[in-house]
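Descriptive structure summary
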Amino acid sequence: MTPTPTIFAPLFIAATALFIWSCWKRLSLTALGRPDNRLDNIGQRIGDTLSYAFAQKRVLAKPSGLIHVAIFWCFLVLMVANTEFILHGLFPGLTFTKLPDGIFMPLMQMIDVVSLITLLAVIAAAIRRAVSPPYPEARTFEAFFILFLIATLMLANFGVNAAKISRMQGSTLTLAESIMPISSWFAPYIPSGAGKLVHDLSWWTHALVLLLFMNLLPLSKHFHIITAIPNVFLRRRDNPPLPEREEFNAGNSFGINQVDGYTWKELLDSFSCTECGRCQMACPADQTRKPLNPRGVIGQLKHNLMANGPLLKEGKAATTPLIGEGDASISEEAIWSCTTCGACLQACPVFIEQMPKLIPLRRHLVEMESRFPEELLNLFENMEGRSNPWGIAPTERGKWATQLGERPYEPGRTEYLFYVGCAGSFDARAKQISVATALLLDKAGVSWGMLGKDEKCCGDSLRRLGNEYVFDKLAKENVALFKERGIKKVIVQCPHCLTTLKNDYKQYGIELEVIHHSQLLLHLVQDGRLKLPKQADLGKLVYHDSCYLGRHNGIYDEPREALALATGTEPLEMPRNREDGFCCGAGGGRMWMEEFTGDRINLVRAAEALEQQPDTICTACPYCLTMLDDGIKDLRADKVQVKDIAEIMAEAVLR
Amino acid sequence: MLIVACIKQVPDTTQVKIDPVTNTLVREGIPFIMNPYDTHAMEAALQLKDQFGCRVAVLSMGPPNAEATLRKALSAGVDRAILLSDRVFGGADTLATSKVLATAIAKLNDEVEPVGLVICGKQTIDGDTAQVGPGIAVRLGYQQLTLVDKVEELDLTNKKLVVSRKLEGRHERVQAPLPAMLTVVRELNRPRYPTVPMRLAAATAEVEVWDNNVLQLDPQTIGLKGSPTWVSKIFSPERDKGEIVGDGYADPEGTVDLLLGKLMEKDLLPL
Ligand SMILES: Cc1cc2nc3c(=O)[nH]c(=O)nc-3n(C[C@H](O)[C@H](O)[C@@H](O)COP(=O)(O)OP(=O)(O)OC[C@H]3O[C@@H](n4cnc5c(N)ncnc54)[C@H](O)[C@@H]3O)c2cc1C
Ligand code: SF4
Ligand code: SF4
Ligand code: SF4
C-alpha cells in the first residue's frame, strides 16, 4: 500500500487529537494545586535548563547515564527527521530533497548515523536493564516495550531508505550511498523486485509505530520526554528547601492530606518522574528496607492525582486517601521513615522534590490528627515544656561549662554567640565537644559568650517532624531573644542548629551570620590564630559527611581541610561521600525514634566507615557522633574511636 | 452522666526548692505544668467520653494563673473547665482542699448533670500526700477506688464499674457501684497530644472561675483557717558534694579500678 495522505492524514489527526487529550487530561490536573511562583530568576533558570536538561549534568553522574544522553541528543536530531516524515506523509511534495544540497546532504548523513547510534543505545539500554537494572523492579514490560518501539522506528527508517536505495542506479546510487551510508548497508539484502513492498511496509510500520509511541508517552513514565525539561526549568531554587510557614489562626487547617494541598509544581513533579530510581538508590530508608521509597512516593502521588483529580475538579470529594496503604496512597510508615537527608533531591536528574512532599504529610498527622509514633510524645512535650529533647531542666543547660567560668554573651561586647545546642549542652558525650570547642576558641582569643539557661532548642527536629506549631513558638522566642541581645554572629557545633538558625529563621525575619565550628576552626588556623604545635595522631582517619552540613549547606571542603592540617594527611573517604554521602539515620527527627523495620541505618553507615579500616571516624555533628558511636559498638569494633572534628583539632592544638 | 477530673497545677520540677525563711515553695522562674498523674486522670475521663459520650468537666483549685493549665485541658477536649479560685481558699491543706473540690462537684451534680465518676491523680508531685482524692470520696459518700491502672468495664445502665488496682506486687480487680471516685496511676493510659485546631479553639474558650460567692462555704472551714495541718518546717536535705573520679575517656580501665577501690573503701559494694 503506497503511502497516501488519504489514509495517513485521518490517522495522524486522530492520533494527535488523542495525544493532546491525554496530555491535557493529566497536565490540567496540576491546576488543582496551590499557586507558587516559579518564574523568578529567569536567567538562572535558563542556565539550569541548559546544564541539567540539555547537557544532562545529573544524568551523567552515573556511567549508565551516557546511554540516556546518547538517546536524548539523538532524539533531538530525529525530531527533525520525523517532522519531515510526517509532513511528507501529509503533503507528499514536501521532502528534504527540496533543501539546498549544502544542507540536505549533511542533514541526511547525520540522520542516518544518528539512527544507528540510537539503535545501538537502545540495545545497550535494554541489555543494561535486563542484566543490571537500576533497581530490581525496573524490569517492567513497559520499559522494554518502549525500547522495542524505538528500535523498530530506527529499523523501519533504515528499511524505507534501503528500499529506495535498492531501486537506484548510477550516480543517484553513488550519491545516496554517500549520504545514507548506514541505510546502504541494508540495501543489498532487499531482493530485486521487492523494493516497493519493503518500502511501503517499512513506511507504514514507521508511521504507525510513531503514532503509537506518541500516544504511549502520556500514559507512561515516558511522559517525562515532554515534562522533564519544563520541570528542570521550574525547579526550586532555594537550597536547602525550606518548609512553608503556617499561620496559626482558628479555622485554618494544617499540613496536607489531600492531593490538592500541594502546589501545581509539586503535582507536575508527579508527571515528570522518569522512574530512574536514583533517588531510591540514594535513600537511606529504602536502602535499609524501610517502606519509604522516594520514587514510589512520586508514583503514589501521581496515581492519587489521577484518581482524585477529576473528582476534585468537579467539586466532588476525593475518594482515595492521600495518606494510607495502596499504590495511590503514601503510607504512614513511609512518611515517618524519612531522615530528611536530602539525598533524593540531590540525585534526581529532573529536580523532583521528594522529601519536601513528606513534611506536610507529617504536619497533617501531628497537627490535625495527633497521630505519630509513640516515642515522639515525650519529645514533643519535653520540647514544649523544657525546650530540649530530653526534658532536662533548662537551668542545667549551661552546666557543662562550669569549669570554664561564667561566659555570658554580653550585647555590644561579645563578638560571637556560641549557640551550644541541646546535644552539646545535655548529652554526656557531646558535652566534650562543647568543651573542646570552647577551649579552642579561647586559645585563639575569639570573643565568645553563651546564653546559658536562656538558650532554647533551635527546633530542628520539631520542624522536620511536622510539629510546626511548637517549632513556630520556639523559633519566635529564639528570634526575639537574638534580636533583643543584638546577636549577629553565631558559632554552632551542630549542623542541625546551623541550618535552622541560618536558613529556617530567615522566615522569621532574622539574618544571622552562622558559622559551623569546623569552618571557624579552619579559618583560625589559616589566619595563624590557632597554632598546631603537633599533629594529632589518631591513626587512619575517615570523615563522615553530615547531611545537614553537606547537602543542606554545601560545606564539604572546610572540615576536610581542617582535618588535613590537624593530622598532616588527607582524611580517608568512604565510597559514598560528599554530595553522595549516606545519612547516619538521625536526621528528620529520626534521632528520637525507634527503628523497627529493616536494617539499622547507623549500622550500615558504620560498616561502610569500617571498610576503610580506620582508627578514627571523624564526625562534625553530635547526632552523627551518637549514631556512629552506637554503630561501631554494635559491630564490636570498639578499638575504633568516633570523634568530633573539634576534639581532633584540640589534640593538635592543646595537647 | 458527667465525669469530673480534678487537676492541680504544680511547679515543673522534681527539685522543689524551699525558701528557708518563709517555709514556702520558691516559685520564681519555675514553669508550671499539670500534675503528671492528673494528665492520666483527664485522659481516662476523655476516653470514657469518646466511648460512651459522657461529658467531661475539669476542676482545679488554685491561684488565677492556674488558668493556663485549664486551657491545656480544654485543648485536650474537655467540655468544661472550672477554676476554683479565691483568696479564702489559699493555704489549704488536704482537708480544706477536698472540701472545696467536693462542694464544687456536688454543685455540678445538683445543678448541671448527675456526676457518675470523679477521677483524680494518684498524688501530686509537690504535696505528694495522695489524700485529696479519698477526701473528696468520703465527703461525697462515693465509692473510692485508688491506684487504678485499668478501667475494665463501665456499665451505665446498671451503674457500676470494674477496675484493676495496681498494688505492690499484685493487681486487684474490683467492682463498685457508681458514683465512684478513682485515683489513677501512669500505667492507665497515654495522654493525648492536643491537635492544633483544638489548641487554637482552647485559646479563646472560656475558663469559668468560681469563687466563694459561688460555693458559699464558711470561711472558717476552708483555706488556711480551715486547715488543721500546720507546716512547721520544710527543708531540702543537704546532699554532700560529689567528686569526679579519674578520666573515663582517657583511661577507662584505670578509672574503673579507681572507682571500685573507692566504693570498697566506703564499704558500698556488697562482696
Ligand atoms: C511540700 C509540701 C508539703 C505539704 N505537706 C502537707 C501535709 O503534710 N498535710 C497536708 O494536709 N497538706 C500538706 N501540704 C499542702 C497540700 O499538699 C496541698 O495544699 C493540698 O491542697 C493538696 O494536697 P496534695 O498536693 O498532696 O494532693 P494529693 O492528695 O497528692 O493529690 C491527689 C489528687 O487530688 C487532686 N487534687 C489535689 N489538689 C488539687 C487542687 N488544688 N485542685 C484540683 N485537684 C486537686 C488531683 O487529682 C491530685 O492528683 C503540703 C504542701 C507542700 C507543697
Ligand atoms: S530525604 Fe533522604 S530519607 Fe528522605 S526520602 Fe529523601 S533520600 Fe530518603
Ligand atoms: S523522582 Fe527523580 S530520581 Fe527518583 S525515580 Fe523519579 S526521576 Fe528518578
Ligand atoms: S545527624 Fe548527621 S548524618 Fe544524620 S541527618 Fe543529621 S547531619 Fe545527617
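None of the values given here were measured: they were computed from a predicted structure.

A separate point is the overall build of chain B. Looking only at helices and strands, chain B features 7 helices and 11 strands. Projected onto its principal axes, the C-alpha positions of chain B cover 70 × 45 × 40 Å. Considering chain B as a whole, with its 271 residues, one finds that 45% of them fall into the buried category. A fraction of 69% describes how many contacts in chain B between residues 6 or more apart in sequence connect residues 24 or more apart.

Our focus in this paragraph is the site of ligand 2. Residues and elements named next belong to chain A. Lining the immediate environment of ligand 2, one finds Cys283, Pro284, Leu292, Cys338, Thr339, Thr340, Cys341, Gly342, Ala343, Cys344 and Met355. Using a 2 Å cut-off from the grid points, one finds that ligand 2 occupies the largest cavity. Taken together, the residues of the shell around ligand 2 break down into 8 nonpolar, 3 polar and no charged.

In terms of nonpolar packing, the biggest core is built from 185 residues, with Phe482(A) and Leu501(A) touching the most fellow members. With 12 residues, the single largest contributor to this core is helix 5 (residues 141-166) of chain A. Discounting residues that sit within four places of it in the chain, Leu501(A) has contacts with Tyr419(A), Cys458(A), Phe482(A), Val490(A), Val492(A), Leu512(A) and Val514(A). Ala45(B), Val56(B), Leu83(B) and Ala176(B) belong to the second largest nonpolar core, which has 36 residues in total.

Glancing now at the site of ligand 1. Residue and element names in this part refer to chain B. The environment of ligand 1 is formed by 26 residues, the closest being Lys8, Asp38, Ala92, Thr97 and Thr129. One of the side-chain nitrogen or oxygen atoms of Thr129 is found 2.6 Å away from an oxygen atom of ligand 1. Only strand 4 (55-61), helix 3 (94-111), strand 6 (115-121) and helix 4 (132-140) provide two or more residues apiece to the shell around ligand 1. When its residues are assigned to classes, the shell around ligand 1 shows 9 nonpolar, 12 polar and 5 charged.

All names here are of chain A. Here 3 strands make up an open sheet; going across it, the order is 5-6-7 and the pairing parallel. Both edges of this open sheet fall to strand 5 (541-543) and strand 7 (641-644), since each of them pairs with a single strand only. Across this sheet, the average inter-strand angle for adjacent strands is 30°, counted without regard to direction. As paired strands, strand 5 and strand 6 (residues 616-619) are joined by 3 bridges and run parallel to one another. Paired with Val542 across the two strands is Ile617, which belongs to strand 6.

Moving on to the environment of Ala536(A). All names here are of chain A. With respect to the helices and strands, the residue Ala536 is situated in the loop between helix 23 (517-526) and strand 5. In the structure, Ala536 is positioned 118 residues away from Leu654 in sequence and 9.8 Å away in space, judged by C-alpha atoms. When sequence neighbours within four positions are dropped, the list of residues in contact with Ala536 reads Ala566, Thr567, Ile648, Glu651 and Ala652.

Residues and elements named next belong to chain A. By the definition in use, this model includes 7 cavities of 30 Å³ or more. Space inside the largest cavity adds up to approximately 120 Å³. As for the largest cavity, its lining consists of 16 residues, and the residues nearest its centre are Cys283, Leu292, Pro294, Cys338 and Cys344. Secondary structure elements with two or more residues in the lining of the largest cavity: helix 12 (284-287), helix 13 (294-313), helix 15 (343-347) and helix 16 (355-368). For the lining of the largest cavity, the per-class residue count stands at 12 nonpolar, 4 polar and no charged.

Bringing unusual backbone geometry into the picture now. The omega angle of the peptide bond from Asn239(A) to Pro240(A) is -5°, so this bond is cis rather than trans. If you trace the backbone, Pro240(A) turns up in the loop between helix 9 (224-233) and helix 10 (264-272). Of note, the amide linkage connecting Leu178(B) to Pro179(B) takes the cis form, showing an omega dihedral of -5°. Tracing the chain through its elements places Pro179(B) in the loop between strand 9 (170-177) and strand 10 (180-184). Phi is positive for Glu275(A), close to 55°, though the residue is something other than glycine. On the secondary structure map, Glu275(A) appears in the loop between helix 10 and helix 11 (278-282). Glu275(A) sits in the partly exposed class, given a relative accessible area of 25%. Even without being a glycine, Ser370(A) presents a positive backbone phi close to 55°.

This paragraph deals with helix 21 (residues 468-484) of chain A. All names here are of chain A. A rise of 1.5 Å per residue sets the reference length of helix 21, with its 17 residues, at 24 Å; its end C-alpha atoms lie 24 Å apart and thus fit the reference within 8%. What helix 21 keeps buried is the set Glu468, Tyr469, Val470, Phe471, Asp472, Leu474, Ala475, Asn478, Val479, Leu481 and Phe482. Of the residues one or two after helix 21, Gly486 is the one with positive phi, at around 65°.

This next bit is on helix 5 (residues 196-204) of chain B. Regarding helix 5 of chain B, the residues found buried are Val196(B), Arg199(B), Leu200(B) and Ala202(B). Taken down its axis, helix 5 of chain B places every buried residue within 160° of arc, on the same side. The inward-facing, buried residues of helix 5 of chain B abut helix 16, helix 17 (375-386) and helix 21 of chain A together with helix 2 (67-76) of chain B.

A separate point is the packing of helix 19 (residues 428-443) of chain A against helix 23 of chain A. Residues and elements named next belong to chain A. In contact at an axis separation of 11 Å, helix 19 and helix 23 are set at 30° when each is read in the N-to-C sense. When the axes of helix 19 and helix 23 are compared, the pair comes out roughly parallel. Crossing handedness for the pair helix 19 and helix 23: left-handed. Here Ile433, Thr437, Leu440 and Leu441 of helix 19 lie close against helix 23, whose contacting residues are His517, Leu520, Leu521 and Leu524. Broken down by class, the residue content of the contact of helix 19 with helix 23 amounts to 6 nonpolar, 2 polar and no charged.

Okay, the packing of aromatic side chains next. The final tally for this structure, using the stated rule, is 27 aromatic pairs over all chains. Centre to centre, the rings of Phe372(A) and Tyr193(B) are 5.5 Å apart; their planes meet at 85°, and the pair counts as edge-to-face. Taken as a pair, Phe372(A) in the loop between helix 16 and helix 17 and Tyr193(B) in the loop between strand 10 and helix 5 lie in two separate chains rather than in one. For the pair shown, Phe372(A) and Tyr193(B) are each scored as buried. Three or more aromatic residues link up through ring pairs in this structure, and these residues are Phe8(A), Phe12(A), Phe85(A), Trp203(A) and Trp204(A). Taking the ring centre of Tyr416(A) as reference, the NZ or CZ of Lys489(A) above it sits at 5.0 Å. The residue whose ring lies beneath Arg199(B) is Tyr193(B), and the NZ or CZ to ring-centre distance is 5.3 Å.

Another aspect to go through is the pattern of salt bridges. This model, assessed by the stated rule, comprises 60 salt bridges over all chains. A salt bridge links Asp126(B) to Lys8(B); the shortest N-O distance between them is 3.2 Å. Pair noted here: Asp126(B) is in the loop between strand 6 and helix 4 and Lys8(B) is in the loop between strand 1 (2-6) and strand 2 (9-11), with a separation of 118 residues, a long-range link. In this structure Lys8(B) comes out as partly exposed when scored by relative accessible area, which is 30%. Connected through shared salt-bridge partners, Glu246(A), Arg363(A), Asp460(A), Arg463(A), Arg464(A), Glu468(A) and Asp504(A) make up one network.

All names here are of chain B. A large share of strand 10 lies buried, amounting to 5 of its 5 residues. Of the two faces of strand 10, the one carrying Ala180, Leu182 and Val184 and the one carrying Met181 and Thr183 are both buried. As paired elements, strand 6 and strand 10 share 5 bridges and run parallel to each other. Of the residues in strand 10, the one forming a bridge with Leu117 is Ala180.

Moving on to the interface of chain B and chain A. Facing 13 residues of chain B, the contacting portion of chain A comprises 24 residues. Area buried by chain B at its contact with chain A is led by Arg190(B), Tyr193(B) and Leu200(B), which between them contribute 42% of it. Joining chain B to chain A, the criterion identifies 3 salt bridges. The interface formed by chain B and chain A contains 5 residue pairs in polar contact (both at pLDDT 80 or more).

A few words now on the confidence of the model for chain B. A low pLDDT score tells you not to read the predicted coordinates there in detail. Averaged over all residues, the pLDDT of chain B equals 92, while 94% of them reach at least 70. Both scores are available for the predicted complex, with the pTM at 0.92 and the ipTM at 0.90.

The subject of this paragraph is the sheet that holds strand 1 (residues 416-419) of chain A. All names here are of chain A. Across the sheet, which stays open at both edges, the 4 strands sit in the order 2-1-3-4 with parallel pairing between neighbours. Looking at which strands have only one partner, the edges of the open sheet turn out to be strand 2 (448-449) and strand 4 (513-516). Here strand 3 (residues 489-492) runs beside strand 4; their pairing, made up of 4 bridges, is parallel. Each residue of the ladder has a partner; that of Lys489, found in strand 4, is Glu513. Here helix 22 (residues 495-502) sits on the sheet and contacts strand 1, strand 3 and strand 4; the angle it forms with strand 4, its principal contact strand, is near 165°.

Analysis parameters
Residues numbered from 1 in each chain as written. Chains lettered and ligands numbered in written order. Predicted model: local features only at pLDDT ≥ 70, side-chain atom pairs only at ≥ 80, totals over all residues. Heavy atoms only, no water. Helix = DSSP H or I, 4+ residues; strand = E, 2+ residues; numbered from the N terminus. Buried < 20%, exposed > 50% of the residue type's maximum accessible area, 1.4 Å probe, protein only. Contact = heavy atoms within 4.5 Å. Near = heavy atom within 4 Å. 1 Å grid on protein atoms, 1.4 Å probe; cavity = no way out; pocket = protein on both sides within 12 Å on 5 of 7 lines; lining within 4 Å. Sits in = over half its atoms within 2 Å of the grid points. Nonpolar A, V, L, I, M, F, W, Y, C, P; charged D, E, K, R; others polar. Core = buried A, V, L, I, M, F, W, Y, C linked by side-chain atoms within 4.5 Å. Polar contact = N/O pair within 3.5 Å; in protein donor to acceptor, adjacent residues only side chain to side chain. Pairing = 2+ DSSP bridges. Axes fitted to C-alpha atoms, helices over the stretch in contact; angles between N-to-C directions. Points joined across faces, edges and corners; volume = space filled by probe spheres on them. Expected span 1.5 Å × (residues − 1). Arc of directions from axis to C-beta. Parallel < 35°, antiparallel > 145°, perpendicular 65-115°, else oblique. Left-handed = near helix turned anticlockwise from the far one by under 90°. Phe/Tyr/Trp six-rings, centres within 6.5 Å; stacked < 30°, edge-to-face > 60°. Lys NZ or Arg CZ within 6 Å of the ring centre and 35° of its normal. Salt bridge = Lys/Arg side-chain N within 4 Å of Asp/Glu carboxyl O. Buried area = accessible area lost by both parts, 1.4 Å probe. pLDDT = per-residue confidence, 0-100.

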